[in-house]
Structure formats: C-alpha cells, structure tokens
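# Tertiary structure, described
Each chain, letter by letter, is given below.
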Amino acid sequence: LVGGHVIGVVQVGTRRTHRFQARDLQLLQLVADRSAASIERARLDEAERRSRLGAEHARQHVALLARAGDVLATALESYDDAMGDLIDVVVPSFADWFAVDVVDQKGMLRRVADGASGPWEGRLVAHPHPDGDALVRRVLASGRPEIVIRTRRDGEPHGGEPATPGSYLETDPDSEIESMFVV
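Rules of the game
- Residues numbered from 1 in each chain as written.
- Predicted model: local features only at pLDDT ≥ 70, side-chain atom pairs only at ≥ 80, totals over all residues.
- Heavy atoms only, no water.
- pLDDT = per-residue confidence, 0-100.
- Helix = DSSP H or I, 4+ residues; strand = E, 2+ residues; numbered from the N terminus.
- Expected span 1.5 Å × (residues − 1).
- Buried < 20%, exposed > 50% of the residue type's maximum accessible area, 1.4 Å probe, protein only.
- Arc of directions from axis to C-beta.
- Contact = heavy atoms within 4.5 Å.

## Remarks on the confidence of the model for the chain
- Looking at the chain as a whole, its pLDDT mean stands at 84, while 87% of the residues score no less than 70.
- Ranking the elements of the chain by mean pLDDT puts strand E4 (residues 169-170) last with 68 and helix H1 (residues 22-72) first with 94.

This is the structure we're talking about:
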C-alpha cells in the first residue's frame, strides 16, 4: 500500500509441506511495505527526472524562439539576410539541417537559406530526402506540414513517444534522416 492505494502484491509459495505462521505473514507484510516504498520512491524519482527534462526542453524551445524573434526582427527591407542568419539559430541547436524556400512573384520556388551540420555539412546539394522537392511542393499545395520519420532502425530505440500511425511518412533508409518536418 502507498497512500492507501494498492500498487501491487508480494507472493510466496513453497513446494514442500509448510504451515505459514502469523510471524511469517508479518515478515512478508514488512517486505511488501518496504517494496512499496521503494517502488514509489523510484516512481517519484522518475517523475522528477521527466519533469526536469521537460522543463529543460521547454526552456530550450523558448530560447530558440527568442533568438529567432531577435533575428527576424531585422527583416525590414529584405528577408534574405534574416533567413540566412536564422540558420545559426536553428543549426545545430534544434536540427542538423535547415532550409527556407519561398515562392516568388512568378510562382517559382526559390531557396533563400540553407545550412547543415554533422553528417550533412558541406555535402548537401538540395535536400537530404530523395523526394524533398516533392514534399516541399505538397506542403505548399496543402498548407499542412509533413512529418518524415525512420520507423525501422537498428540499435537502441529512439526516446520520445511513438507517432500515431498514418500521421507521418516513412523516411528513405538511404537518406540518413531520423526525423524531419516540412512546414
């Protein structure tokens, strides 16, 4: 019991003839109580750790938004320079690759900024995803973001919550992309 709620049970048994006594029950109750306290302490520690991680994650997002806001505030006459400066805000603190494509007055798609770090630095030509241009055009047409994630992978599973089935596209295994948004 923890706080009047049953969180589990402790069980014992024997294969030989044995009559458990009241003192055996008291001993097992003590084991159960200490087990419950230990389990609850571990749960509280885990909840505290998750809370700290969540707060740190939120702090990083707020800092990113503040830095992006400062950079974008300079885009008075031309946004090209501000979009270029935005690369330093996003890469590598938020993502390994960042690009901004804009539709010009003639309806043509124009890349105004891109930058990368890590495995893509210095070798990206257009887009890390083989169907990147199609993804960009689909988002432009629909106005809805696209999410691309790797659902099959070797090694340790990624942290975080699993995506809802059907709400994302499977990444191309050759693209080296773990996850990507096109917004």
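## Considerations on helix H2 (residues 79-90)
- Between the first and last C-alpha of H2 there are 16 Å, a value that for twelve residues agrees with the 16 Å anticipated at 1.5 Å per step.
- Within H2, burial applies to Ala-82, Met-83, Leu-86, Ile-87, Val-89 and Val-90. The buried side chains of H2 occupy one side of the element, clustering within an arc of 165° when seen end-on. Seen from the open side of H2, the exposed residues pointing more than 90 degrees away from its buried face are Asp-81 and Asp-88.
- Close packing links the buried residues of H2 with H1, strand E1 (97-103) and strand E2 (109-116).

## A word on H1
- The end-to-end C-alpha separation of H1 is 74 Å, in line with the 75 Å expected for 51 residues at 1.5 Å each.
- If you check which residues of H1 are buried, you get Ala-32, Ala-36, Leu-64, Ala-68 and Val-71.

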